[in-house]
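# A closer look at the structure
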Amino acid sequence: MSAGIFAAMPSTHARSGRRRDNSSPPRHRALRIAMDSPHRLLRTAQGGPCADCGNQVHWHQGIEHQPVCLHPHELPTAAVPELHRWHIGAGIAYPAGDGSPWCRIAHRTLCPAREAPGPLTEHLVMLRRRLALQTRRLLDDGVFTPPGQHPPAGPRPMPPCRPARPVVDLLGSRHLAARPIEEIRCVARTHRGTRCLNRVLAPRRPHGTWRLTTLLLGRPPVLPAVEIAVYDLGHLAHAEQQRWHAQRCPTHALIPEAADMARRDWEIFDPQLHLQHIATRLPTGQARHRGRA
C-alpha cells in the first residue's frame with residue numbers, strides 16, 4: 001500500500017478533548033503576535049502606564065505564573081545591585097541576572113510614588129528622578145490622575161504654571177531664584193536702616209524672556225534630555241545683568257556704597273539637587289520661545 005493511501009485514510013482515534021480518566025486537559029496560554037512588529041515575532045510583554053506614577057511599564061509572566069511589572073528598558077548590569085536584577089527568557093521573567101552586561105529591573109524599585117527599597121546606585125537614583133520628573137509633567141498636562149483622585153466632569157482646565165523658584169540665565173551661568181521673578185526684592189539698606197521695599201524687576205527697565213530649553217539629566221540614551229522653562233537675562237546689557245546678580249533695584253544700583261541689608265538669594269543651579277524646582281512648561285500667558293541649551 002502506497003504512502004498516498006495512508007495519507008488519505010482517516011484517523012481511527014478521534015480527539016475527544018478529555019483524558020482517559022475523564023478529566024479535562026489543562027488550558028495553555030495563547031501567545032499573541034504584535035501586529036505592528038516588522039519581524040512578526042511572538043511576544044508576551046504587555047505595555048501600559050503604572051497606576052501609581054503614570055510611567056510606562058512592561059508586564060511579563062513570572063516563574064510562578066504571577067504578573068511581573070518591569071521597567072521597559074534594559075540597564076547596565078553593573079549599575080543594578082544583584083538583588084534587583086531580572087532577565088527575560090522565552091517570555092518569562094526571572095528574578096536574577098543572566099550573566100550578560102544588561103539586565104532588567106522591577107518598576108517598583110524605580111517608581112517615584114514608592115519609597116526607595118534601600119540604598120541604590122547613583123545610576124538608579126538618577127533614573128528615579130527622571131521618572132519623577134516625567135510624572136510631574138503628566139500631572140501638569142492633565143493626562144495622569146493619581147490613585148484616589150477623580151477628575152471633575154467635563155474638560156479639565158490646564159493648571160496655571162508659575163515657578164515658585166524659577167531657573168534664571170544670568171552672566172553666562174544658570175541660577176536658581178528663591179522666589180518668583182516679580183517678587184525678588186532689593187537687598188540694599190535704606191538711609192532709615194531698613195531693607196529696601198523695591199523689586200529688582202523694574203517697570204521701566206528691560207525684562208528677561210521666558211523660553212524653553214533642553215536640559216541633559218544624564219548620559220543618553222538611558223536618561224534622555226528634557227525641556228525646562230528658563231527666565232533668560234543673558235540678552236540684557238552687562239551692567240543690567242550685574243544689577244540683577246547684585247539683587248538691587250535701579251535706585252540702589254546707582255549707590256554702590258549702600259550696604260546690603262540681606263543676603264542675595266541666588267543659588268547655582270544643579271539639575272540633580274534642584275530637580276523638584278524644574279518647570280516643564282512656560283508660565284501662564286508667556287509665548288513659547290525655543291532657546292539654546
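Here we summarise the structure given alongside this text. (Residues numbered from 1 in each chain as written. Predicted model: local features only at pLDDT ≥ 70, side-chain atom pairs only at ≥ 80, totals over all residues. Heavy atoms only, no water.)

### What to know about the overall build of the protein
A tally of helices and strands in the protein yields five helices and 14 strands. The buried share of the protein, taken over its 293 residues, is 36%. Sequence-distant contacts in the protein: of pairs separated by 6 or more residues, those separated by 24 or more amount to 57%. (Helix = DSSP H or I, 4+ residues; strand = E, 2+ residues; numbered from the N terminus. Buried < 20%, exposed > 50% of the residue type's maximum accessible area, 1.4 Å probe, protein only. Contact = heavy atoms within 4.5 Å.)

### Looking at the nonpolar core
Among the nonpolar cores identified, the biggest contains 17 residues, and Val168, Ile181, Ile184, Tyr231, Leu233, Trp244 and Trp266 are the most heavily contacted of them. Broken down by secondary-structure element, the contributors of at least two residues to this core are β10 (167-170), β12 (209-215) and β13 (226-232). In this structure, Leu133, Leu176, Leu215 and Val226 belong to the second largest nonpolar core, which totals ten residues. (Core = buried A, V, L, I, M, F, W, Y, C linked by side-chain atoms within 4.5 Å.)

### Some thoughts on the packing of aromatic side chains
For the coordinates displayed, the defined rule picks out two aromatic pairs. By way of ring pairs, the aromatic residues Trp210, Tyr231 and Trp244 are connected into one cluster. (Phe/Tyr/Trp six-rings, centres within 6.5 Å; stacked < 30°, edge-to-face > 60°.)

### Some points on the state of the cysteines
Inspection of every chain in the model, using the stated rule, returns zero disulfides. Of the cysteine sulfurs around Cys111, a residue in no disulfide, the closest is that of Cys53, at 3.8 Å. Residue Cys111 is classed as buried on the basis of its relative accessible area, which comes to 0%. (Disulfide = S-S within 2.5 Å.)

### What to know about the sheet that holds strand β14 (residues 267-268)
Read across the sheet, five strands follow the order β12-β13-β10-β11-β14 without closing on themselves; strand pairing throughout is mixed. Edge strands, defined here as strands with exactly one partner in the open sheet, are β12 and β14. Note that strand β11 (residues 173-176) and β14 share two bridges and pair antiparallel. Counterpart to Leu176 in the pairing with β14 is Glu267. (Pairing = 2+ DSSP bridges.)

### Thoughts on the environment of Trp86
Within the secondary structure, Trp86 is located in strand β7 (residues 85-89). Accessibility expressed as a relative area gives 10% for Trp86, which makes it buried. Each C-alpha atom, one on Trp86 and one on Gly97, is 5.5 Å from the other, the two residues being eleven residues apart in sequence. Discounting residues that sit within four places of it in the chain, Trp86 has contacts with Val68, Leu70, Ala93, Tyr94, Pro95, Ala96, Cys103, Arg104, Ile105, Ala106 and Arg108.

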